[in-house]
Amino acid sequence: MNKITLKKDGLLEENRHSVKTKALMFLGFKVELAAGYTLRSFFRMFDSYPVLAELNAFLPDCRQRYQASPSQGCVTDAVAYLEFNKTVEMVGFPGQPRLEIYNTLCGVQAGRQCPLKPLRLENLLDLPFKLGGLKHIVFGDKVDVFEFETVFSLFELIEGIVWELSFQGTPRECAL
């Protein structure tokens, strides 16, 4: 599988060469993260490749919140790092079984995943960002969850992160 490296400064790199144009052709490539990658790096990517910002209807709002945030120090003690994961879940038994595949972005603190919804974007931008694995859940059995290594495409990463961040947006006045 072809791979693309996402750099801390928001640039894409293929075979140790910076991508200058035609970023769309890399959407199906396997993503690798350079050392020091953060959520801020993710948003810098759209500054470097504006065409990627047209992929999701929720992205303009997320970028606006990012641009309104301080330029550094955007962390929280509630989360040690951010992790992007994939889940494959068999659901609907008894009845009509189906397979659902989805990505999630969550925080990790003391080895446990925690939701990001109660946190504000300006508290997440400078946290370390990692790619997690794949969890396979069979018919809702959360006890026997199988975990595997997996790959993520650039498109999956963009869609998954923006989807999760679109649920944030509690006005600062309402945040605890």
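Up top you'll find the structure we're talking about.
Remember, predicted model here, so these are calculated numbers, not experimental data.

**Some details on the overall build of the protein**
- Scanning the protein from N- to C-terminus turns up three helices and nine strands.
- The helix and strand sequence of the protein, counted from the amino end, reads β-β-β-β-α-α-β-β-β-β-β-α.
- Its C-alpha radius of gyration of 17 Å places the protein within 12% of the 16 Å reference for a compact globule of 176 residues.
- Expressed as lengths along the three principal axes of its C-alpha atoms, the size of the protein is roughly 50 × 45 × 30 Å.
- Looking at the protein as a whole, 41% of its 176 residues are labelled buried.
- Excluding contacts between residues fewer than 6 apart, the proportion of contacts in the protein whose partners are at least 24 apart in sequence is 72%.
- If you average the places of the 20 positive and of the 21 negative side-chain charges in the protein, the two averages end up 4 Å apart.

**Digging into the nonpolar core**
- The biggest cluster of nonpolar side chains holds 41 residues, and the ones touching the most others in it are Leu-12, Leu-39, Phe-42, Phe-43 and Met-45.
- Contributing elements (two or more residues each) for this core: strand S1 (3-6), helix H1 (39-48), helix H2 (59-67), strand S5 (81-91) and helix H3 (154-165).
- If we ignore the near neighbours within four places in the chain, the residues touching Leu-39 are Leu-82, Leu-121, Leu-124, Leu-125, Leu-127, Phe-129, Ile-161 and Leu-165.

**Thoughts on the environment of Asp-77**
- Along the chain, Asp-77 turns up in the loop between H2 and S5.
- Linking Asp-77 and Asn-123, residues 46 residues apart in sequence, is a C-alpha distance of 9.1 Å.

**A few points about the sheet that holds strand S4 (residues 30-33)**
- An order of S3-S2-S1-S4 is seen for the four strands of this open sheet, with the pairing classed as mixed. On the outer flanks of this sheet lie strand S3 (17-18) and S4, each paired with one strand and no other.

**Some points on the state of the cysteines**
- Enumeration over the complete set of coordinates arrives at zero disulfides.
- No disulfide involves Cys-62; its sulfur sits 15 Å from that of Cys-74, the nearest cysteine.
- For the unlinked cysteine Cys-106, the closest cysteine sulfur is that of Cys-114, found at 7.0 Å.

Reading the values: rules and limits
Residues numbered from 1 in each chain as written. Predicted model: local features only at pLDDT ≥ 70, side-chain atom pairs only at ≥ 80, totals over all residues. Heavy atoms only, no water. Helix = DSSP H or I, 4+ residues; strand = E, 2+ residues; numbered from the N terminus. Rg over C-alpha atoms; globule rule 2.2 N^0.38 Å. Buried < 20%, exposed > 50% of the residue type's maximum accessible area, 1.4 Å probe, protein only. Contact = heavy atoms within 4.5 Å. Lys, Arg positive; Asp, Glu negative; His and termini not counted. Charge placed at Lys NZ, Arg CZ, Asp CG, Glu CD. Core = buried A, V, L, I, M, F, W, Y, C linked by side-chain atoms within 4.5 Å. Pairing = 2+ DSSP bridges. Disulfide = S-S within 2.5 Å.

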